[in-house]
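Below are the chains, spelled out letter by letter.
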There are 2 protein chains.
Amino acid sequence: MLELVPETNPVPIEMADEAKNEVDVSAGLYGVEPINQSQTKTNRVWTRIDELSAAKHTGKTVLLRARVHNTRGTGKQAFLVLRQRFVTLQGVIFVGPAVSKQMVKFVASLSKESFVDVEGTIVGVPTPIESCTLHDIELHVTKIFTVSSAMPRLPFSLDDATNVEPLEGVETTNSNSEPEDNLIRVGLDTRLDNRVIDLRTTTNQAIYRLQSAVCLLFREFLTSQNFIEIHSPKIIGTASESGANVFAVTYFKQQAYLAQSPQFYKQMAMCADFERVFEIAPVFRAEDSNTHRHLTEFVGLDLEMAFYEHYHEVLDMLDKLFVFIFKGLRDRYANEIKAVQRQFPVPEFKFLEPSLRITFKEGVAMLREAGIEMDDYDDLSTANEKLLGKLIKAKYDTDFYMLDKFPTAVRPFYTMPDPSDPNYSNSYDLFMRGEEILSGAQRVHDPVLLEERAKEKHIEISSIQPYVDAFKYGAPPHGGGGIGLERVLMLYLGLGNIRRTSMFPRDPKRVAP
Amino acid sequence: MLELVPETNPVPIEMADEAKNEVDVSAGLYGVEPINQSQTKTNRVWTRIDELSAAKHTGKTVLLRARVHNTRGTGKQAFLVLRQRFVTLQGVIFVGPAVSKQMVKFVASLSKESFVDVEGTIVGVPTPIESCTLHDIELHVTKIFTVSSAMPRLPFSLDDATNVEPLEGVETTNSNSEPEDNLIRVGLDTRLDNRVIDLRTTTNQAIYRLQSAVCLLFREFLTSQNFIEIHSPKIIGTASESGANVFAVTYFKQQAYLAQSPQFYKQMAMCADFERVFEIAPVFRAEDSNTHRHLTEFVGLDLEMAFYEHYHEVLDMLDKLFVFIFKGLRDRYANEIKAVQRQFPVPEFKFLEPSLRITFKEGVAMLREAGIEMDDYDDLSTANEKLLGKLIKAKYDTDFYMLDKFPTAVRPFYTMPDPSDPNYSNSYDLFMRGEEILSGAQRVHDPVLLEERAKEKHIEISSIQPYVDAFKYGAPPHGGGGIGLERVLMLYLGLGNIRRTSMFPRDPKRVAP
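Cut-off values and rules
- Residue numbers here run from 1 along each chain, matching the order of that chain's written sequence.
- Chains carry letters and ligands carry numbers; both start at the beginning, A for chains and 1 for ligands, and go up in the order they are written.
- Totals for whole chains, interfaces and linings use all residues, but because this is a predicted model, local features are given only for residues with pLDDT of at least 70 and pairs of side-chain atoms are given and counted only at 80 or more.
- Calculation of side-chain values draws on the structure's entire complement of heavy atoms; hydrogens and water are dropped beforehand.
- Under the scheme used here, helices are H or I runs from DSSP no shorter than 4 residues and strands are E runs no shorter than 2 residues, and both carry numbers assigned from the N terminus.
- Burial classification: accessible surface area is computed with a 1.4 Å probe over protein chains only, and a residue below 20% of its type maximum counts as buried, one above 50% as exposed, and the rest as partly exposed.
- We call two residues in contact when some of their heavy atoms are within 4.5 Å.
- The charge count includes Lys and Arg as positive and Asp and Glu as negative, but it does not include His or the ends of the chains.
- For charged residues, the charge sits on one atom: NZ in Lys, CZ in Arg, CG in Asp, CD in Glu.
- One less than the number of residues in a helix, times 1.5 Å, gives the span that helix is expected to have.
- The term disulfide is used for any two cysteine sulfur atoms that are within 2.5 Å.
- Any pair of N or O atoms that falls within 3.5 Å is considered a polar contact. Within protein, one atom must be able to donate a hydrogen and the other to accept it, and sequence-neighbouring residues count only if both atoms are side-chain atoms.
- Only residues with pLDDT of at least 70 in both copies count here: their C-alpha atoms drive the least-squares fit that superposes the copies.
- The pairing criterion for strands is at least two bridges between them, as found by DSSP.
- Axes here mean lines fitted to C-alpha atoms, for a helix over just the part in contact, with angles spanning 0 to 180 degrees between N-to-C directions.
- Each pair of aromatic rings taken from Phe, Tyr and Trp, with Trp reduced to its six-membered ring, is defined by centres within 6.5 Å and is described as stacked if the planes are under 30 degrees apart, edge-to-face if over 60, and tilted in the remaining cases.
- Geometrically, a charge over a ring is one whose NZ (Lys) or CZ (Arg) sits within 6 Å of the ring centre while staying within 35 degrees of the ring normal.
- Any carboxyl oxygen of Asp or Glu within 4 Å of a side-chain nitrogen of Lys or Arg constitutes a salt bridge here.
- Segmentation into domains, and thus their bounds, comes from an automatic or database assignment.
- Buried area adds together the accessible area that both of two parts lose upon being put together, with accessible area traced by a 1.4 Å probe.
- What sets the label is the angle itself: under 35 degrees gives roughly parallel, over 145 gives roughly antiparallel, 65 to 115 gives roughly perpendicular, and the rest give oblique.
- Left-handed describes a crossing in which the near helix is turned anticlockwise from the far one by less than a right angle; the clockwise case is right-handed.
- Three classes are used, and their members are as follows: Ala, Val, Leu, Ile, Met, Phe, Trp, Tyr, Cys and Pro are nonpolar, Asp, Glu, Lys and Arg are charged, and the others, Gly among them, are polar.

Engineer: Lay out the overall build of chain A in plain terms, naming residues and giving numbers.
Structural biologist: Of regular secondary structure, chain A possesses 14 helices and 17 strands. Along the first, second and third principal axes, the C-alpha atoms of chain A reach 90 × 55 × 40 Å. When burial is assessed residue by residue, chain A has 59% of its 513 residues classed as buried. Across chain A, contacts joining residues at least 24 apart in sequence account for 70% of those joining residues at least 6 apart. Distance from the positive charge centre (57 side chains) to the negative charge centre (70 side chains) of chain A: 5 Å.

Engineer: Go over helix α11 (residues 382–396) of chain B, please, and point to the residues and values.
Structural biologist: Residues and elements named next belong to chain B. An ideal rise of 1.5 Å per residue puts 21 Å on 15 residues; α11 measures up with 21 Å between its terminal C-alpha atoms. Listing the buried residues of α11 in full gives Asn384, Glu385, Lys386, Leu388, Gly389 and Ile392. Summarising the contacts, the buried residues of α11 are in contact with β13 (356–359), α10 (360–369), β14 (400–404), β15 (427–432) and β16 (435–442). Looking one or two places after α11, you find aspartate 397, whose phi comes out positive at around 55°.

Engineer: Summarise the state of the cysteines; cite the residues concerned and give the values.
Structural biologist: Formally, a disulfide is one covalent bond, and it connects the sulfur atom of one cysteine to the sulfur atom of another. Scanning all chains against the criterion turns up zero disulfides over all chains. Of all cysteine sulfurs, the one in cysteine 215 of chain B lies closest to cysteine 215 of chain A, which takes part in no disulfide; the gap is 13 Å.

Engineer: Go over the environment of serine 463 of chain B with me, naming the residues and quoting the values.
Structural biologist: With respect to the helices, strands and loops of the structure, serine 463 of chain B is situated in the loop between α12 (447–456) and α13 (465–469). A polar atom in the side chain of serine 463 of chain B sits 2.7 Å from the backbone oxygen of glutamate 460 of chain B.

Engineer: Which residues make up the side chain of arginine 191 of chain B, and what are the values?
Structural biologist: All names here are of chain B. When you line up the elements, arginine 191 lands in helix α4 (residues 188–193). Residue arginine 191 is classed as buried on the basis of its relative accessible area, which comes to 6%. What arginine 191 contacts, discounting residues up to four positions off in sequence, is Phe156, Ala161, Glu165, Val186, Asp198 and Gln343.

Engineer: I'd like to hear about the relation of the copies chain A and chain B, residue by residue, with values.
Structural biologist: With an axial shift of 0.0 Å and an RMSD of 0.0 Å, the rotation relating chain A to chain B amounts to 180°. What the rotation and shift describe, once combined, is the action of a two-fold rotation axis. Identified as the residue of chain A closest to the rotation axis by C-alpha distance is valine 249 of chain A, at 2.3 Å. Take the interface residues of chain A: 100% of them recur as interface residues in chain B, which is what a same-surface contact looks like.

Engineer: So, the sheet that holds β16 of chain B: which residues are in play, and what are the values?
Structural biologist: Residues and elements named next belong to chain B. Read from one edge to the other, the open sheet built from eight strands follows the order β7-β11-β12-β17-β16-β15-β14-β13, with strand pairing classed as mixed. Edge strands, defined here as strands with exactly one partner in the open sheet, are β7 (228–229) and β13. Looking at chain direction, β13 and β14 are connected through four bridges and run parallel. The residue of β14 that forms the bridge with threonine 359 is aspartate 404. Contacts from helix α7 (residues 263–271) reach β11 (276–284), β12 (297–306) and β17 (478–484), with the element oriented near 20° to β12.

Engineer: Summarise the packing of aromatic side chains; cite the residues concerned and give the values.
Structural biologist: Describing an aromatic ring pair means giving the distance of the ring centres and the angle of the ring planes. Inspection of the entire model under this criterion finds 50 aromatic pairs over all chains. Seen in terms of ring centroids, phenylalanine 252 of chain A and phenylalanine 247 of chain B are 5.7 Å apart; in terms of plane orientation they differ by 85°. Their pairing is edge-to-face. Remark: phenylalanine 247 of chain B occurs in the loop between β8 (235–236) and β9 (248–251) and phenylalanine 252 of chain A occurs in the loop between β9 (248–251) and β10 (254–258); the pair is interchain, linking two chains. With relative accessibility at 27%, the residue phenylalanine 252 of chain A sits in the partly exposed group. Where phenylalanine 413 of chain A meets tyrosine 467 of chain A, the ring centres are 6.2 Å apart and the plane angle is 90°; that geometry is what we call edge-to-face. Placement of the pair is phenylalanine 413 of chain A in the loop between β14 (400–404) and β15 (427–432) and tyrosine 467 of chain A in helix α13 (residues 465–469), with a sequence separation of 54 residues. Judged by its relative accessible area of 2%, phenylalanine 413 of chain A is buried. In this arrangement the basic side chain of arginine 65 of chain A is found over the ring face of tryptophan 46 of chain A, its NZ or CZ atom lying 5.1 Å from the centre.

Engineer: How would you explain the pattern of salt bridges if you had to name every residue and give the values?
Structural biologist: Once the charged atoms of two side chains with opposite charge are near each other, the side chains can pair. Taken as a whole and assessed by the stated rule, the structure comprises 74 salt bridges over all chains. Here lysine 393 of chain B makes a salt bridge to aspartate 399 of chain B, at a shortest N to O gap of 3.0 Å.

Engineer: So, the domain arrangement of chain A: which residues are in play, and what are the values?
Structural biologist: Assigned domains of chain A: these are domain 1 (44–148) and domain 2 (203–500). Relative to domain 2 of chain A, the C-alpha centre of domain 1 of chain A lies at a distance of 48 Å.

Engineer: Before we move on, can you summarise the interface of chain A and chain B with the specific residues and values?
Structural biologist: Chain A puts 110 residues into the contact, and the matching count from chain B is 110 residues. Across the chain A/chain B interface, buried area totals approximately 9500 Å², and carbon plus sulfur atoms make up 58% of it. Of all residues in chain A, Tyr308, Glu309 and Tyr473 of chain A give up the largest surface area on contact with chain B, accounting jointly for 10% of the area buried on that side. Put simply, aspartate 273 of chain B and arginine 83 of chain A hold a salt bridge, and the shortest N to O gap is 3.1 Å. There are 75 residue pairs in polar contact (both at pLDDT 80 or more) connecting chain A and chain B.

Engineer: Before we move on, could you go through the sheet that holds β15 of chain A and cite the residues and values that matter?
Structural biologist: Paired through backbone hydrogen bonds, the strands of a sheet run either parallel or antiparallel to each other. Residue and element names in this part refer to chain A. An order of β7-β11-β12-β17-β16-β15-β14-β13 is seen for the eight strands of this open sheet, with the pairing classed as mixed. Strands at the two margins of the open sheet, each flanked by one partner only, are β7 (228–229) and β13 (356–359). Direction of pairing for β15 relative to strand β16 (residues 435–442): antiparallel, over a ladder of six bridges. In the sheet register, phenylalanine 431 faces β16, and the bridge partner there is glutamate 436. Across the sheet, helix α11 (residues 382–396) is in contact with β13, β14, β15 and β16; its angle to β14 comes to roughly 120°.

Engineer: Can you lay out the packing of helix α6 (residues 202–224) of chain A against helix α9 (residues 334–343) of chain A for me, pointing to particular residues and giving the numbers?
Structural biologist: All names here are of chain A. Relative orientation of the contacting elements α6 and α9 amounts to 135°, with a least axis distance of 8 Å. Classed by the angle they form, the pair α6 and α9 counts as oblique. Judged by the sense of rotation from one axis to the other, the crossing of α6 with α9 is left-handed. Counting all contacts with α6, which are made through Thr202, Thr203, Ala206, Ile207, Arg209 and Leu210, the residues of α9 involved are Glu336, Ile337, Ala339, Val340 and Gln343. Here the residues of the contact of α6 with α9 are counted per class, giving six nonpolar, three polar and two charged.

Engineer: Break down helix α3 (residues 101–108) of chain A for me, citing the residues and quoting the values.
Structural biologist: The periodicity of an α-helix, 3.6 residues per turn, causes residues three or four positions apart to be oriented the same way. When α3 of chain A is considered as a whole, its buried residues turn out to be Gln102, Met103, Val104, Phe106 and Val107 of chain A. If you follow the buried residues of α3 of chain A, they end up packed against β1 (30–32), β2 (61–73), β3 (77–84), β4 (87–94) and β6 (137–148) of chain A.

Engineer: Residue-level account of the packing of helix α6 (residues 202–224) of chain B against helix α14 (residues 485–493) of chain B, with values.
Structural biologist: All names here are of chain B. Contact geometry of α6 with α14 gives a least axis separation of 10 Å together with a crossing angle of 120°. When the axis of α6 is compared with that of α14, the two are oblique. Judged by the sense of rotation from one axis to the other, the crossing of α6 with α14 is right-handed. Residues Ile207, Leu210, Gln211, Val214 and Cys215 of α6 pack against Leu485, Glu486, Val488, Leu489 and Leu493 of α14.

Engineer: Tell me about the environment of leucine 329 of chain A, residues and numbers included.
Structural biologist: All names here are of chain A. Relative to the assigned elements, leucine 329 resides in helix α8 (residues 312–332). When its relative accessible area of 1% is taken as the criterion, leucine 329 is described as buried. For the pair leucine 329 and valine 214, spaced 115 residues apart in sequence, the C-alpha separation works out to 7.5 Å. Aside from chain neighbours lying at most four places away, what touches leucine 329 is Leu210, Ala213, Val214, Leu217, Ala334, Ile337 and Tyr492.

Engineer: Describe in detail unusual backbone geometry, supporting the description with residues and values.
Structural biologist: Residues apart from glycine generally show negative phi values, whereas peptide bonds are mostly found in trans. The omega angle of the peptide bond from alanine 512 of chain A to proline 513 of chain A is -5°, so this bond is cis rather than trans. Here proline 513 of chain A lies in the segment after α14 (485–493).

Engineer: Please provide a residue-by-residue account of the side chain of aspartate 404 of chain B, values included.
Structural biologist: Residues and elements named next belong to chain B. In this fold, aspartate 404 is placed in strand β14. No salt bridge forms around the buried aspartate 404; measuring N to O, its nearest opposite-charge neighbour lysine 405 is 5.3 Å away. Polar side-chain contacts of aspartate 404 include one of 2.7 Å to the side chain of histidine 312.

Engineer: Summarise the pairing of strand β12 (residues 297–306) of chain A; cite the residues concerned and give the values.
Structural biologist: Residue and element names in this part refer to chain A. Here β12 lies mainly inside the structure; nine of its ten residues are buried. As defined by bridge partners, strand β11 (residues 276–284) adjoins β12 across nine bridges and the pair is classed as antiparallel. In the sheet register, proline 282 faces β12, and the bridge partner there is valine 299. Where β12 meets strand β17 (residues 478–484), seven bridges bridge the pair, whose relative direction is antiparallel. Paired with leucine 301 across the two strands is isoleucine 483, which belongs to β17.

Shown next, in the form of structure tokens:
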């Protein structure tokens, strides 16, 4: 809602140095505010740029706080682009009866990325302003004060940082990924070293709104299905699930470890009658993998549920969950998706409803038909995963599918074997654009079978004793899965590198900022 | 929805050993099922106990999966209590034309906590069954199969584990906390060592539903206020915020640390234009504190927001947030609260709308009036916090209040000083039943002032360089706070020990299970 702003400015302000030395008709209308220490409450009404429209605001006075995206001065006039999150508005100021040269100079010399409080009148423009998201109006500035000054030289330009990127990775394995235009591009390491600046791009503003949205949709769906949220410990006493790839923590006088997943705990929650649980929490992997899709710390969206008869009850739940998320993104976050596509013009993500579900065996058959040689019980290599994704996209026109019944040999000990063929198991992976984003299974809920399976995989029972014991006092058949948040978002948007969907990514070489 | 179950049982079952050796009229109607490996899909319809009612189900056949809470047999008949989460239903079986002695014996000998699939007819009862949550109906069992057997001896009885607790801590500092009844009580360590059993009590089923609810309400309110969810890294390169109390992690060939809070990252999100953010994530404190209210790992509900003029915009937001959470719990989760109160009969949590807000100075004056001697700028001791809570409860009848304007000396370097009296700061704590549950403030958003304040507190600037640098390219005035989830729940319910509101708690002496 917009209301007229009182003419008097009740905020005490300091004059810019220059303005102090000569008569200035604009004295008191511009300058640098003292550091905000909550000196006053004025009840002034603030407007947001995305609320403004020609129809409602032409001729009205508005007050807003925005970043200075850009300025240019030509002596008697100055232009500036004001930015809030996604949106930009042109501001203009001309020397005139109430506007001094000094004031125009002050505006022209504002450093990019400074915060300003601006008051002015909204005016319609005859020629569309292409450089701003608001094309048909501009702000005629009457007052302007710096709230927070930016250093004059930015590590890189935000405009350069939003230049369209060559399609690398996902969609362009066969094309030349060198851009042939003359646009400046900001490298990923430069961005991550200056992440606070990089995150201000419209692309990143959109990406992290979408990340928030994936979590929101995940919870919204699961809550509607009577799941509750749990919080399992990240510091664990024994390097239980697998000794390798685990970070050690100095825990007072003993050694502890960082949890590689909430696997054991969400299963214990099943043994404790919570029936349907989810968790959104960091997951730690001490893997020295320097690839486009590995992080040492990522956000796991985990779920686990008891079922009555068949683990396909879990797979059906996952199917509905993902369709809900994909539809939710498409329908509720179209603007954010478009904003990302301006920099990463990747084809829209396609999915079916219900989702495509094929068996591992069928997947292997498709790969063999395409000339790949592999054994029945081999795991899929990354290259074969990608290829299978392409074959499936070509055949079914979907970027999302479920691969069911993996070989027992390639799954963890707690995976339930298939009842008729012990070489296969009741387990599944889910894929987006040919990369795995969820791994899951029916779990072994019988303590005797669980010990047997652990021994077969050469796991010391004593190291997992509390976990095995949890099943000794009655446990329901159950299954679930774990989703990598950053992967889902990277693949949905086709961004080609997981560091683009982690706000402050961690890999073997990066623990800062 | 309930539907009649087909008479034929399409699940292949194994007979109990005994039944194999003599003619058994009930053969095929009871026994031990093979381990569920998802052998079949029968499309049978399952009912939940909490859906059952005398009006709708009397005379109907139902199929359900439940735990055996209890059994007792008297030769020709057996009774069992069937349990799902919160609710229990009595089952009965009599020797008769279709029910053999062996079948009755099988039922009577089921071990407590086993999972069974039971089919039977719902029958109304003339005398209320006091021992079950469903008083007016019982299930006449016609088929019963064990899905998962529990070991015969439980570490403790679930009935003992829900016996009413003497009010310790919060409400009874002046009363004798030794119970004078003869009820068996299960100690906290025994519970935590066997947490999977302990979590099955109706009290714990309710507590962890309420924990999930607090997070849901927190997010629901903040999402409605245009906050987005972020995920900040828990592995950090430098022990930045304070060198002490931080867990060290071996990070490949270097040393890293576990984040003590998302403080720096949520502020960097402010510098990156996200404007309003929240995070729900684990927080790690290497404090060797063995008290009722300290954990080494807890769940932080953090938020941070830019404001226009005065940090009271943040405090107003927090006020509305907590009132929303308290009302939401009271209005949407009355059953869960009642379930907890059966074991912990603590007076209802009281709050005002808007919340009570007093200054630190006023708090000190109240304490002095009550005979406490303290200096103006001393921090509140735990005892004084408690006492102030009592004085405020007596004067204002509220268990929740906000204490504003703490002395600068007792707050971190990044806290904004008061504009007129530098001995005080724009900072606040929030209290429930006299214990702190949130600490927050306006933050210093000016890099020059930030360095000054850090130096005054003897912090090496180089150790916080990326954080300080984040403010050099324009930063909005902002503030926020961090809430301890387990504390909020412990104090809301008056449970007296934070280990009761952490599913798998971590303290200096406990890292398992």
